[in-house]
Amino acid sequence: MNILFRRVLRPVTLLLLLPLASATPARPAKPIGDVACFKEPLQGAQPDPQVIAQFGMYDNPRLQAYITQQGKRMTAISDRPGDYGFTIVDSPVINAFATPDGHVYFTRGIMAYFNDEAQFTGVLGHELGHITAQHGKKQQTRSTITGIGMLLGSVLAPQVMQSIGGVAQQVVGLGMLKYSRNDENEADGLGVKYSTKVGYDASHMASFFQTLERTEQQSGSSVPTFLSTHPNSADRYQRVKGLAAQAKQASGKTTFAVNRDSYLRSIDGLPFGDDPREGFVENGVFYHPELKFRFPIPAGWKSQNSPEQFQMSEPNGKALLAFTGVSGSSLDEAAQTLAKQIGVTAGNVQRTTINGFPALTFEGDQAASQSQATPAHVQSYILQDGKSLFAFVGLATAATFGTYAPQFASAVQGYQRLTEASKLNRQAEHIHIKQAPAATTLSQALTANGVPTKRLEEVAIINGMQLTDRLPAGTLFKVVGR
């Protein structure tokens, strides 16, 4: 939840998200850099207010200026120059995406995993390539949809996604498009082309894909968001590396920039992972130190904290529970507002208390529409905590709602004030750049800088290295800590 939500309790906006178009059918790829296929430039210099409202802009003018500078350099030599924009958003998710209106977004999460400027610039060129090749325009027109959306990739089963309709959109990662393999291959080629043209070693873009694959293997769970929204293939590393070699040979140059040390110094102090002040999950409980509340997550459910709400989903995608702020001067007014926003006619309205907090609950079916196979059944709980009004919104198909209603109720009844000092005072982790004083291995260097054994592999991946790699004296490397 973002600063505005935390401090002034901004009411729910129901996540004004970009709709996700399904991947387009495969088609013959156009020649890389075919200028004839590129039309007039788009005007996307300003970030989308809805994207910023949802995720927040990362407050670091120096890095924001850096991504803009690099983006403008590449735009100038691209096949379709235009007034594009480039923004870092305040999300720990590892991702970068481009919107059809001409804006490229990088998360602070992905910035933490780059290990040199060549990697960053290659991925920047890839995203710029999606815009210049108009991949998004081919899949959808630029529009927005109002709805409570999941930010966990395709976590909702198809029948629930169809039934929930406007309330739970099939959104992947940060609300960007999912492209076909041909689109991805073309964007890879354009990323190589553009980054080589401005003087970088594009083979480092290929090595970054290896880092992403290692994060997937290390987590043992879902793929990194970048890979879930940018379909990966076993030969992608080799393909991009081959394209880079061809581009370097064709350029006629003999030296290409990597700029490892300058990039690492630029991200020294970068927040890593979730900011606990904006809420964090630990041992199946969601804590919010700033707003001083806590509640349990249904056992085994996935969760995602976004700037404006906290979402939980049944592991097979059959149900959704969202928690957010809601507007109104009273419980009744808040209930009317929420019911209208989520498209239900409130029924079975009951007043109650939740751990001493005044509360109101109602349920109903979403209005049917052409986009919905079956309307979702919705149960909402609104509680008043001081001057703030919060809502839990539970959704499932009518046929399965009875199965999940007790889990909705259990999470809601677990809402209580947060008083534990260890949770209230939790601090964020940051990337810290260190320098090896003498020749050593990465494992030895990390251990000497306080990285616990259980996190050595994780931090090695963040460094894009193996624990056994040798570090000459003076080598810069990353550690993670508070």
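Right, let's walk through the structure included here.

Let us now look at the overall build of the protein chain. Scanning the protein chain from terminus to terminus reveals 17 helices and 21 strands. In the protein chain, which comprises 482 residues, the share counted as buried stands at 57%. In the protein chain, of all internal contacts separated by at least 6 residues, the share reaching a separation of at least 24 is 71%.

As summarised here, the arrangement of the three strands in space is β2-β4-β3, forming an open sheet in which the pairing is mixed. Each having just a single partner strand, β2 (85-89) and β3 (96-99) make up the two edges of the open sheet. Pairs of neighbouring strands in the sheet enclose a mean axial angle of 20°, with direction left out of account. Pairing analysis gives five bridges linking β2 to strand β4 (residues 103-107), with the strands arranged parallel. When the sheet's bridge partners are listed, Thr-87 is paired in β4 with Tyr-105. Running at roughly 150° to β2, helix α3 (residues 61-77) makes contact with β2 and β4 of the sheet. Against the sheet, helix α5 (residues 117-132) contacts β2, β3 and β4, and its axis sits at roughly 145° relative to β4.

Turning next to the sheet that holds strand β9 (residues 293-296). The four strands are arranged β7-β8-β9-β17 in an open sheet whose pairing can be described as antiparallel. In this open sheet, the two edge strands, each paired with only one partner strand, are β7 (280-282) and β17 (416-417). Examined bridge by bridge, β7 and strand β8 (residues 285-288) share three bridges and lie antiparallel to one another. In the sheet register, Phe-280 faces β8, and the bridge partner there is Tyr-287.

Right, let's talk about the pairing of strand β18 (residues 429-435) for a bit. Where strand β6 (residues 271-272) meets β18, two bridges bridge the pair, whose relative direction is antiparallel. Note that in β18 the partner of Pro-271 across the bridge is His-430. Bridge analysis of β18 against strand β21 (residues 476-481) gives six bridges, and the strand direction is antiparallel. Considered in β21, the bridge of Ile-433 is made with Lys-478.

About the criteria used
Residues numbered from 1 in each chain as written. Predicted model: local features only at pLDDT ≥ 70, side-chain atom pairs only at ≥ 80, totals over all residues. Heavy atoms only, no water. Helix = DSSP H or I, 4+ residues; strand = E, 2+ residues; numbered from the N terminus. Buried < 20%, exposed > 50% of the residue type's maximum accessible area, 1.4 Å probe, protein only. Contact = heavy atoms within 4.5 Å. Pairing = 2+ DSSP bridges. Axes fitted to C-alpha atoms, helices over the stretch in contact; angles between N-to-C directions.

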